Amino acid sequence: MQVYLVGGAVRDALLGLPVKERDWVVVGATPQAMEAAGFRAVGRDFPVFLHPETHEEHALARLERKTGSGYRGFSTEFSPHVTLEEDLRRRDLTINAIAQSADGALTDPYGGLADLHARILRHVSPAFSEDPLRVLRVARFAARFAPLGFSIAPETLTLMKRMSESGELTTLSPERVWRETELALATGQPERFFSVLRASAALAQVMPELDALLQKSPQGAIATAALHVAAAAGAEGPVRWAALVGDLDENEQSALQSRLRVPNAYSELAIVTHRLSRLMNAGHHSHDHLLTDAGKLLELLESADALRRAERFEAWLGVYAARTEAAGQPVQRIAALCSRLKKAQKACAAVKLDKSELEALPGPAIAAHLRERRLQALRELK
Ligand code: CTP
């Protein structure tokens, strides 16, 4: 049997990037031979084995044929006669279809090296369209490798569009869509992920609410710019997500986020972002009144549940900063307001009623008294 390193590990090493995970393909072996060599079988749908020592994944070389719709509609064919070239051919992109043998020699039948040098994401063969997830994967690679200057081959984008228009993307499980989205949000230029999904008509299939928002002017451009600003600031995933979808209303957010089963850390921040932006914009063009109006400030902190959820409030400040910068507010003014809001949160959180105060008050009056003390603290804020 021959063993080759394949996929992301070869690609990333050639790009000079750190390699996280190594996948191997094995040619000329049977499951029995693998188990005899000490490998442990895993894989539910096709034969994958874990190396006895490194525990790295070793898959038998295989052909994949489509038998139905959706990503479960596959039959996989493996046999000791499947060649390395055949296995590489069913892969998504040419840059992911390069194999490396133990002595370092590369097998590159589909021009992956040339595309790596030319910075092109290009599909290997028409078999690309057998897996609709690949549309999202290409968008994610476009976002991740954007800083290196990668773009998508026109013929690949055309194929992606055709796949979207066939309606196949709606067969993807919400978990898989969200997984790609979450990975894409963490990249250097996450806005590229969404622009590629739009350009390939995929966003309307997997996130129609967001697609509609991004089509609106100027909201779409602002949402995209807010995501860009949040990513450039190195913000966490939930902050980036909320910066992007914060302008969707409650119903749209709820439809989108429950369908994709977006984790709470993301969805809650998006909901708070929308709620607070409505509160802050009500009747005001500028948010400067928050610098002077203690009542408004407390209302905002209460609406954000900022005293109980201090960390989430801090995250929201990041979303707020990104969104207001994207909307054209001067950065210095945003920074001043954010630092004011942070101070206000700290001052309110520091208010504690002592024992004698608590004893002197009838139960129902305690909350009102606490609120009064917090207002007092906000009025005294320097
Ligand atoms: N692959 C594919 N189609 C998919 C998923 C994977 O063709 N839908 C192939 C590609 O050759 C890919 C390899 O399987 O390189 C390994 O897949 P995976 O580990 O998911 O991705 P990587 O390319 O290694 O990228 P990442 O760095 O994101 O893990």
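Definitions and limits used
Residues numbered from 1 in each chain as written. Predicted model: local features only at pLDDT ≥ 70, side-chain atom pairs only at ≥ 80, totals over all residues. Heavy atoms only, no water. Helix = DSSP H or I, 4+ residues; strand = E, 2+ residues; numbered from the N terminus. Contact = heavy atoms within 4.5 Å. Pairing = 2+ DSSP bridges. Core = buried A, V, L, I, M, F, W, Y, C linked by side-chain atoms within 4.5 Å. Buried < 20%, exposed > 50% of the residue type's maximum accessible area, 1.4 Å probe, protein only. Phe/Tyr/Trp six-rings, centres within 6.5 Å; stacked < 30°, edge-to-face > 60°. Near = heavy atom within 4 Å. Polar contact = N/O pair within 3.5 Å; in protein donor to acceptor, adjacent residues only side chain to side chain. Areas by Shrake-Rupley, 256 points an atom, 1.4 Å probe, with all protein chains shown as cover. Nonpolar A, V, L, I, M, F, W, Y, C, P; charged D, E, K, R; others polar.

Draft legend 1. Spatial organisation of the environment of M163. Locating M163 in the fold gives a position in helix 6 (residues 154–165). With residues near it in sequence (within four places) discarded, M163 still touches F128, S129, D131, P132, V135, E168 and L169.

Draft legend 2. Region of interest: the sheet that holds strand 1 (residues 2–6). One open sheet holds the seven strands; their spatial order is 3-4-5-2-1-8-9, and the pairing between them is mixed. Only two strands of the sheet have a single partner each, and these edge strands are strand 3 (40–41) and strand 9 (106–107). By the bridge criterion, three bridges tie strand 1 to strand 8 (residues 99–101) in an arrangement that is antiparallel. In the sheet register, V6 faces strand 8, and the bridge partner there is A99.

Draft legend 3. Spotlight on the nonpolar core. The biggest cluster of nonpolar side chains holds 89 residues, and the ones touching the most others in it are L121, F194, M207, L210, W241 and W316. Ranked by residues supplied to this core, first place goes to helix 5 (residues 133–144) with eight residues. Residues within four places of L121 in sequence aside, it is in contact with L93, I95, V138, F141, A142, F150, S151, I152, A153 and T156. Y4, V25, V82 and L88 belong to the second largest nonpolar core, which has 12 residues in total.

Draft legend 4. Region of the structure containing the packing of aromatic side chains. Enumeration over the complete set of coordinates arrives at seven aromatic pairs. Here the aromatic rings of F145 and F150 are separated by 5.3 Å at their centres, their planes lie at 40 degrees, and the arrangement is tilted. Seen from their ring centres, W178 and W241 are 5.1 Å apart, and the 85 degrees between their planes marks the pair as edge-to-face. Here W241 lies in helix 12 (residues 237–245) and W178 lies in helix 7 (residues 174–185), a separation of 63 residues in the sequence.

Draft legend 5. Inspection of the site of the ligand at higher detail. Every one of the 15 residues lining the ligand counts as a neighbour, but R11, D92, D131, R134 and R140 are closest to it. R91 has a polar side-chain atom sitting 3.0 Å from an oxygen atom of the ligand. Here a nitrogen atom of the ligand and a side-chain polar atom of R134 are 3.0 Å apart. Summarising the interface, the protein chains cover 78% of the accessible area of the ligand, which totals 560 Å² for the free molecule. At the level of elements, helix 1 (8–14) and helix 5 are the ones that each hand at least two residues to the shell around the ligand. At five residues, the largest contribution of residues to the shell around the ligand is made by helix 5. Partitioning the shell around the ligand into residue classes produces one nonpolar, three polar and 11 charged.

Draft legend 6. Main features of the environment of L17. Positionally, L17 belongs in the loop between helix 1 and strand 2 (23–27). With relative accessibility at 29%, the residue L17 sits in the partly exposed group. With sequence-adjacent residues up to four places away left out, L17 is seen in contact with D12, F145 and L148.

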